[in-house]
Amino acid sequence: MISRESRDVWEYPVNIRNAPLFLSLTTEDSEDRTVATRCFTLLTCCSIDKQQDKTTITTRLQMAQWQDLLRLDAALQARVSQLYEGRFSREIRHYLCVLIESLDWDLAAGDENAASTCFHALLEDLQEQWIRSVQENILLQGPDYTGMKDYLLKNFEDKPLNLAVILSECLKEEQKIKASASEAQACGSPDMDQKWKWKDMDNKINELKRLIMEVKKEIKSLEILNENLDFIQKTWQNKVEQDIGLAQSHAVVEEECHKRTNFIIQTKQVVLQEIENILNLAQPIVATLTEVELPKWRLRQQLACIGSPANTCLDHLQKWFTAVAEVLLRVREQLQKLKEQNNTDASILPGLMAIIENQTLSLFTQLLANALVVEKQPIMSSLPQRPLILKTGVHFSVRVRFLANLPEFKCLLKVKPVFDKDVEEIKTVKWFRHFDFNSDECKVLDVDSPNGDLVTEFDQMSLKEIKGRAKGSIESRLAVTEELHIIKFVTEFRHVGLELNIEASTLPVVVISATTQVSSAWASIMWNNMLSTGDSRNLQLFVDPPPLTWEQLSQVLSWQFLCTGKRELDENQLSVLRDKIVDDPDDLVHWSKFSKNENAWLWIDGILNLIKKHLVDLWQDGSIMGFISRERTAELLKEKRTGTFLLRFSESKTNGAISFSWVDNANGAPFVHSIDPYTKDELKKTSLPDYINTYSLRGRKSRHTNPLLYLYPDIPKDTAFGHYFTNTAEKMLAGHGYVPRKSWDFSDKPTPPPSPPREPNTDMEMEMDFERKLESHELIQELFADSFIFPTLQLMDIL
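So, here's what we can say about the structure. (Residues numbered from 1 in each chain as written. Predicted model: local features only at pLDDT ≥ 70, side-chain atom pairs only at ≥ 80, totals over all residues. Heavy atoms only, no water.)

It is worth spelling out the pairing of strand β5 (residues 396–402) at this point. Counting buried residues along β5, 7 of its 7 residues qualify, which places the element largely inside the surrounding structure. Neither face of β5 is open: one carries Phe-396, Val-398, Val-400 and Phe-402, the other Ser-397, Arg-399 and Arg-401, and all of them are buried. Sheet topology places strand β3 (residues 372–379) next to β5; 5 bridges connect them, and they run antiparallel. Looking across to β5, one finds that Lys-376 is bridged to Arg-399. Both β5 and strand β9 (residues 454–461) contribute to a ladder of 6 bridges, which runs antiparallel. Looking at the pairing, Phe-396 lines up with Met-461 of β9. (Buried < 20%, exposed > 50% of the residue type's maximum accessible area, 1.4 Å probe, protein only. Helix = DSSP H or I, 4+ residues; strand = E, 2+ residues; numbered from the N terminus. Pairing = 2+ DSSP bridges.)

Another point: the packing of helix α16 (residues 550–565) against helix α17 (residues 571–581). Remark: α16 packs on α17, axes separated minimally by 11 Å, with the N-to-C direction vectors making an angle of 125 degrees. The angle between the axes of α16 and α17 places the two elements in the oblique class. Considering how the two elements wind past one another, α16 and α17 form a crossing that is right-handed. Between α16, through Trp-550, Leu-553, Ser-554 and Leu-557, and α17, the contact on the second element is made entirely by Leu-574, Leu-577, Arg-578 and Ile-581. (Axes fitted to C-alpha atoms, helices over the stretch in contact; angles between N-to-C directions. Parallel < 35°, antiparallel > 145°, perpendicular 65-115°, else oblique. Left-handed = near helix turned anticlockwise from the far one by under 90°. Contact = heavy atoms within 4.5 Å.)

This part is about the pattern of salt bridges. When charged atoms on two side chains of opposite charge get close, those side chains can pair. Tallied over the full model, the rule gives 29 salt bridges. Arg-401 serves as the salt-bridge partner of Glu-375, at 2.8 Å between the closest nitrogen and oxygen. Taken together, the positions of Glu-375 in strand β3 and Arg-401 in strand β5 put the pair 26 residues apart, joining distant regions of the chain. The burial state of Glu-375 is the same as that of Arg-401; both residues are buried. With a shortest N-O distance of 3.0 Å, Glu-635 and Arg-632 are connected by a salt bridge. (Salt bridge = Lys/Arg side-chain N within 4 Å of Asp/Glu carboxyl O.)

The terminal C-alpha atoms of helix α15 (residues 518–531), which comprises 14 residues, lie 20 Å apart, in line with the 20 Å expected from a rise of 1.5 Å per residue. The set of residues buried in α15 consists of Val-518, Ser-519, Ala-521, Trp-522, Ala-523, Ser-524, Ile-525, Met-526, Trp-527, Asn-528, Asn-529 and Met-530. (Expected span 1.5 Å × (residues − 1).)

Function cannot be read off these values alone, since they describe shape.
Right, here's the structure in full:
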């Protein structure tokens, strides 16, 4: 491993033929600085600075973009949250979404006057909303408009152009995320089999709708028949009194009434039979929705919480639940109408009707009891990519939805959260911690959401620990991050004589008390959700945690890199991790190996954190090979030309670090060098591409050259990283006339191993080649000795 040093350098930006040129000036030698300064002056005199017009293309954004983003799953919402982290207030983005999406931020990003206009438009809108909240007397319940206005003034009053640039970039990235979600949703049923199943479900539900419409028509006809019969029965005697001749028709009238009554009874029987057919068709549909489709969605949501790109959209389920609920509700209404038509006395009808009523009620109850779902699992805004981790005293949010979205149910359901409801561990486990919410909060499911869904969001929830612990009989001294809890949402459903208690539960959560516990808590969340799939909830899983297969663990680890860096692990990278983690002949990974004793997860999570904060783009575009052993690194590079390098993660630093290794063939045999790894603290100061760009080896006479020429396998360095290099010219302009300086890493030129013996017939060719290169080098130095600093490492390599 080669050590490295840092020094300060000044970079003078020069524009030659519209191409920026940067001359690096080190602090090592005053004579070199003088020469470089003279060179800078010479080149500046002959620079040509041509300004070219640029056409700004503005894109009209869809006004409902933010609302659409709010419906995405946790992983995609985390990506949206990441856009604004440390750059702009998500609260302002949320409450001013309509105005923000209506302004042309692309134009404003290039025009300071336009940027100032947009900035003041935000301030005016906040002021108007604040005045409205005062007038409506909802100041305390509403958003903190004054705080949002102060935030804008503090951060952007003097820099409206910065605001415009930030929002222009963020809105474009939002569109990309939204587009990726649409693509994922479009391919949410990638196989034709699933598409046919969905189509089949749509056809069955449409048939239910058609049948209930037929029943409604027939019951309407029955009402008319009953009205006619009632009219005849009530008026025929008056007719007889007025016309003596009709008295002889008394028997005829009675016979006619009897026929009509029999026809009505037969029609009712037919209608009841049709209703029974509807229920027989609805029964397997309800079973499929509650026992197949809903559990499948819950499993997809469970895996999405730990990084899977699974489609968690509820649109199909809500459409089906709503349609079937409406059919069953109409069946109950039609049965009630049949009961009100009580002018028939057939003894068979009440019994048959009671059976059908019970069957309808049973199906209706089964459907509604499963209609309440936790659409968005508990998540803290500070950990958008790691739901189900809650910290005491810190706000988190949960969203609940009722899938049977009927107008009759609007404002009918009042939902209350309960922590650890019906959890036996509270009473039985000795050291099980107790928690409660800091405030009691109930919310009504309403359709005032952007898409008219029966949904509510608990966005200001927080927990406090109840110190008095129960003295249970089971000794279980679990770590804080291994203790699992749940939150249940309960509501009472009352509608047209039906009373029902409905519950929905979150996935198991881990409650921490310090941010240092996040990594271990996430390991527990991943482990639990890979083992406890479906409706089973084992809150004592970590008393004796079962192992995971490598197939399971490799999948969830790959998801972590997809979620953090937008690129999964490939087979080679997974193979390296497998060799590091798995030592079981059955390919099993034990909890103690992963997150307890040896804690391989801590090392992996350090790398994920490094990618998230400093290397997302490089990881996404494939520049980082990452997980590769030193031995394999040497094997790959020794087959390549001098200057070929690759990027790999450090295996020794647990907090995450990255290094580069390159091959040097200067001495006749390939030799691979590796640099000391760069840590998060170093990457905060300078980006990795800039380190790669400015890194050098110091050879004889303190001459420097950069040994990194080609990114493996053979991509020129500037092609691979050029667009990431820092624009030093902009920095200088912002520096009020001072030339900026930055850290420049270098290493002393390593001494390669002795060269292998050479064949006699090649010595003459090598010598002649060396002489040609030496003559050229000396000629250039002689001509431009007063203007340039020439790196001599390649010459030293030849020597």
